[in-house]
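Take a look at the letters that make up each chain.
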Amino acid sequence: MSSDIDQFDRKILDVLAIEGRVSVTELSRRIGLSKSPTQARLKRLEDSGIIRGYRALFDPIRLGRDHVAFVEVKLTDTRENALAAFNKAVMRVPEVEQCHLIAGAFDYLLKVRTSGMMGYRAVLAEKISTLPHVANTSTYVAMQAVKEEGLSPLAPRDMSA
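This structure is a prediction, so every number in the text was calculated from the model and none was measured.

Trainee: Go over the nonpolar core with me, naming the residues and quoting the values.
Mentor: Most often, soluble globular proteins have nonpolar side chains that are buried together. By size, the foremost hydrophobic cluster in this structure holds 19 residues, and its most contacted members are Val73, Leu75, Phe86, Tyr108, Leu110, Val112 and Leu131. Contributions of two or more residues to this core are made by β1 (67-75), α4 (80-90), β3 (108-114) and α5 (117-128). Discounting chain neighbours no more than four positions away, the residues touching Leu131 are Phe86, Ala89, Val90 and Val93. If you look at the next biggest cluster of nonpolar residues, it comprises ten residues, including Ile12, Leu13, Leu16 and Leu42.

Trainee: I'd like to hear about helix α1 (residues 7-18), residue by residue, with values.
Mentor: Between the first and last C-alpha of α1 there are 17 Å, a value that for twelve residues agrees with the 16 Å anticipated at 1.5 Å per step. What α1 keeps buried is the set Phe8, Asp9, Arg10, Ile12, Leu13, Val15 and Leu16. Looking at the buried positions of α1, the neighbouring elements they touch are α2 (24-31) and α3 (35-47). The opening residue of α1 is Asp6, an N-cap whose side-chain oxygen sits 3.0 Å from the backbone nitrogen of Phe8.

Trainee: Before we move on, could you go through the packing of α1 against α3 and cite the residues and values that matter?
Mentor: Two elements in contact, α1 and α3, have axes whose closest approach is 10 Å; the angle formed by their N-to-C orientations is 75 degrees. Taken together, α1 and α3 sit at an angle that is classed as roughly perpendicular. Contacts between α1 and α3 involve Phe8, Asp9, Ile12, Leu13 and Leu16 on the former and, on the latter, Thr38, Arg41, Leu42, Arg44 and Leu45. Residues of the contact of α1 with α3, tallied by class, amount to six nonpolar, one polar and three charged.

Cut-offs and rules
- Residues numbered from 1 in each chain as written.
- Predicted model: local features only at pLDDT ≥ 70, side-chain atom pairs only at ≥ 80, totals over all residues.
- Heavy atoms only, no water.
- Core = buried A, V, L, I, M, F, W, Y, C linked by side-chain atoms within 4.5 Å.
- Buried < 20%, exposed > 50% of the residue type's maximum accessible area, 1.4 Å probe, protein only.
- Helix = DSSP H or I, 4+ residues; strand = E, 2+ residues; numbered from the N terminus.
- Contact = heavy atoms within 4.5 Å.
- Expected span 1.5 Å × (residues − 1).
- Polar contact = N/O pair within 3.5 Å; in protein donor to acceptor, adjacent residues only side chain to side chain.
- Axes fitted to C-alpha atoms, helices over the stretch in contact; angles between N-to-C directions.
- Parallel < 35°, antiparallel > 145°, perpendicular 65-115°, else oblique.
- Nonpolar A, V, L, I, M, F, W, Y, C, P; charged D, E, K, R; others polar.

Rendered as structure tokens:
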């Protein structure tokens, strides 16, 4: 993390990680600064790309997307052009919530969310298996989400270092 981030910036990020719609007035009260410096810090964090945006978090179960599968993907080719082609194509699959390039026995790990097993089978057959350079896949179905908040407030920084 950038050394330009101080304790007030960390407090801003911690509050926004949990409550992105907080007003600047309330944010300034919580971090212990007046409104103007809080607004300036917020703008700097946005302009620098540390804060990439704001969004609503939906309850996928209430929206009927309660089936979660983790998919290991092995490619036939792992040269840069093949990876780039896979990356570009997987971005167009809306059921893929996350995609990570992995160092290990397989190449990618996908988190796929659908409305059920039949929906997942269709996504696997019609979308994931047809992505560029896919050699094979292995699926692991999640039975329960134990922790899935998407929240990542920053840990307090050790100021003695």
